[in-house]
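What follows is the residue order along each chain.
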Amino acid sequence: MTITRFAPSPTGELHLGHAHSALFAFAEARKAQGRFLLRIEDIDRTRCRPEFTQGIFEDLAWLGLEWERPVRIQSEHFDDYRAALDRLDSLGLLYPCFCTRKDIAREVDGAGHAPHGPDGPLYPGHCRHLSASERAERTASGQPFALRLDMAEASRRAGPLSWRDRERGEQAARPELFGDVVLARKDTPASYHLAVTVDDALQGVTLVTRGVDLFEATHVHRLLQALLDLPTPGYAHHRLLTDEHGRRYAKRDRSLTLRALRDAGRTPQEVRALAGF
Ligand code: GLU
Ligand code: ZN
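Residues numbered from 1 in each chain as written. Chains lettered and ligands numbered in written order. Predicted model: local features only at pLDDT ≥ 70, side-chain atom pairs only at ≥ 80, totals over all residues. Heavy atoms only, no water.

Draft legend 1. Inspection of the overall build of the chain at higher detail. Across its full length, the chain holds ten helices and twelve strands. At 20 Å, the chain has a C-alpha radius of gyration in line with the 19 Å of a compact globule built from 277 residues. Projected onto its principal axes, the C-alpha coordinates of the chain cover approximately 65 × 35 × 35 Å. Burial statistics for the chain: of 277 residues in total, 48% are counted as buried. Excluding contacts between residues fewer than 6 apart, the proportion of contacts in the chain whose partners are at least 24 apart in sequence is 80%. As displayed, the chain has an accessible area near 13,700 Å², and 50% of this comes from carbon and sulfur atoms. Computed over 39 positive and 39 negative side-chain charges, the separation of the two mean positions in the chain equals 2 Å. (Helix = DSSP H or I, 4+ residues; strand = E, 2+ residues; numbered from the N terminus. Rg over C-alpha atoms; globule rule 2.2 N^0.38 Å. Buried < 20%, exposed > 50% of the residue type's maximum accessible area, 1.4 Å probe, protein only. Contact = heavy atoms within 4.5 Å. Areas by Shrake-Rupley, 256 points an atom, 1.4 Å probe, with all protein chains shown as cover. Lys, Arg positive; Asp, Glu negative; His and termini not counted. Charge placed at Lys NZ, Arg CZ, Asp CG, Glu CD.)

Draft legend 2. Spotlight on the packing of aromatic side chains. Taken as a whole and assessed by the stated rule, the structure comprises six aromatic pairs. A ring pair is formed by Trp 163 and Tyr 235, whose centres lie 5.5 Å apart and whose planes are at 75°; its orientation type is edge-to-face. Taken together, the residues span a long stretch of sequence, with Trp 163 in strand β8 (residues 162-165) and Tyr 235 in strand β12 (residues 234-238) at a distance of 72 residues. Taken as a pair, Trp 163 and Tyr 235 share a single burial class, namely buried. An aromatic cluster is built from Trp 163, Phe 215 and Tyr 235, whose rings are joined through pairwise contacts. When the ring centre of Tyr 123 is taken as origin, the NZ or CZ atom of Arg 148, which lies over that ring, is 3.8 Å away. (Phe/Tyr/Trp six-rings, centres within 6.5 Å; stacked < 30°, edge-to-face > 60°. Lys NZ or Arg CZ within 6 Å of the ring centre and 35° of its normal.)

Draft legend 3. Fine view of the side chain of Asp 42. Looking at the secondary structure, you find Asp 42 in the loop between β2 (35-40) and α2 (50-63). A polar contact is formed between the side chain of Asp 42 and the backbone nitrogen of Gln 74, at a distance of 3.3 Å. With sequence-adjacent residues up to four places away left out, Asp 42 is seen in contact with Pro 10, Cys 48, Ile 73, Gln 74 and Ser 75. (Polar contact = N/O pair within 3.5 Å; in protein donor to acceptor, adjacent residues only side chain to side chain.)

Draft legend 4. Molecular detail of the site of ligand 1. Taken together, Arg 5, Ala 7, Pro 8, Ser 9, Glu 41, Tyr 192, Val 196, Arg 210 and Leu 214 are the residues near ligand 1. For ligand 1, a nitrogen atom lies 3.1 Å from a polar atom in the side chain of Ser 9. A distance of 2.6 Å separates a nitrogen atom of ligand 1 from a polar side-chain atom of Glu 41. Relative to its unbound accessible surface of 300 Å², ligand 1 loses 76% to contact with the protein. (Near = heavy atom within 4 Å.)

Draft legend 5. Fine view of the pattern of salt bridges. Scanning the model with the defined rule gives 26 salt bridges in all. Notably, a salt bridge pairs Arg 39 with Asp 199, separated by 3.8 Å at the nearest N-O pair. Remark: Asp 199 occurs in helix α7 (residues 192-202) and Arg 39 occurs in strand β2; sequence separation between them is 160 residues. The buried category is assigned to Arg 39, whose relative accessible area is 0%. (Salt bridge = Lys/Arg side-chain N within 4 Å of Asp/Glu carboxyl O.)

Draft legend 6. Inspection of the coordination of the zinc ion (ligand 2) at higher detail. Taken together, Cys 97 (SG), Cys 99 (SG), Tyr 123 (OH) and Cys 127 (SG) make up the full set of protein donors to the zinc ion (ligand 2), lying 2.1 to 2.3 Å away. Each donor residue of the zinc ion (ligand 2) lies on one chain, and together they are spaced C-x1-C-x23-Y-x3-C. Highlighted residues: Cys 97 in strand β4 (residues 94-97) and Cys 127 in the loop between β6 (120-121) and α5 (132-140), separated in sequence by 30 residues. (Donors = N, O, S within 2.8 Å, 3.2 Å for Na, K, Ca; no water.)

Draft legend 7. Inspection of the sheet that holds strand β10 (residues 182-184) at higher detail. Here we have three strands laid out as an open sheet, ordered β4-β7-β10, and antiparallel in their pairing. Of all the strands in the sheet, the pair left with one neighbour each is β4 and β10. If you compare each strand with its neighbour and ignore which way they point, the axes differ by 45° on average. Note that β4 and strand β7 (residues 146-149) share four bridges and pair antiparallel. Note that in β7 the partner of Tyr 95 across the bridge is Arg 148. (Pairing = 2+ DSSP bridges. Axes fitted to C-alpha atoms, helices over the stretch in contact; angles between N-to-C directions.)

Draft legend 8. Layout of the packing of helix α6 (residues 151-158) against helix α8 (residues 217-228). For the pair α6 and α8, interaxial distance at closest approach is 10 Å and the crossing angle is 60°. Between α6 and α8 lies a crossing whose hand is left-handed. Two secondary-structure elements touch here, α6 through Met 151, Ala 154, Ser 155, Arg 157 and Ala 158 and α8 through Leu 223, Ala 226 and Leu 227. Its residues assigned to classes, the contact of α6 with α8 shows six nonpolar, one polar and one charged. (Left-handed = near helix turned anticlockwise from the far one by under 90°. Nonpolar A, V, L, I, M, F, W, Y, C, P; charged D, E, K, R; others polar.)

Draft legend 9. Looking closely at the pairing of β12. In terms of burial, β12 is largely enclosed, as four of its five residues are buried. With five bridges joining them, strand β11 (residues 207-211) and β12 adopt parallel strand pairing. Of the residues in β12, the one forming a bridge with Val 208 is Tyr 235. In terms of handedness, the path from β11 via α8 over to β12 forms a crossover that is right-handed. (Right-handed = clockwise from strand over helix to strand, strands pointing away.)

Have a look at this one:
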């Protein structure tokens, strides 16, 4: 049974790029007579807003999509992410990072040639070297901290891993490209990588479909699956829709939100065609 999902973050209105992604997941489920799920990725309480979540439901229904209820709302499941963090912590794979953005920028600059990953410069590892007593002291004094994955240790523990992209075939997992990723943030007790991996497993997703901009992120997700004993779904990373100038659709393109197109009198069928379906 094929189970797909669309997992938007309610940080703004949906645009044509989102429509492509949602229709892609929906079509894959339909083709296989499978199931299509929706998940609201709203762990970032500073950027996500309930009115955008409402707008997502309206836009998708208007486009003609149908999804199963209940919708999984990530902000209602922090205990699931906590349980995953506890497990990784019990394996000795997490450490608290007290660095501010400024601290990290300074350290990266100081290093001269800090290696870069898909999300920017890699964390140079300052807090990985703190002593147990230093960690205890800073935690006890109430200093905020993020939790990072000790990537070298985690990769060693998991051993060589692979995953399969439907278009590009078998991929050797290279999570080390990302360095010591953050799995829980100072202001949010989870991160994208953690929540998406846990939820795809909990929801029984068998085919993860998403934009090719998240292709590399899958390396990290594959590692987390191995460490947390979760199944590995198949993956299909789709092309990113671009405007007539070849630029990716983004939140800045107000005129190309689904809401604006609808208000301008476009029909759902026309908008599906604009989104490549
Ligand atoms: N919430 C993510 C986004 O809107 C997508 C997550 C995923 O499909 O893995 O970019
Ligand atoms: Zn740090």
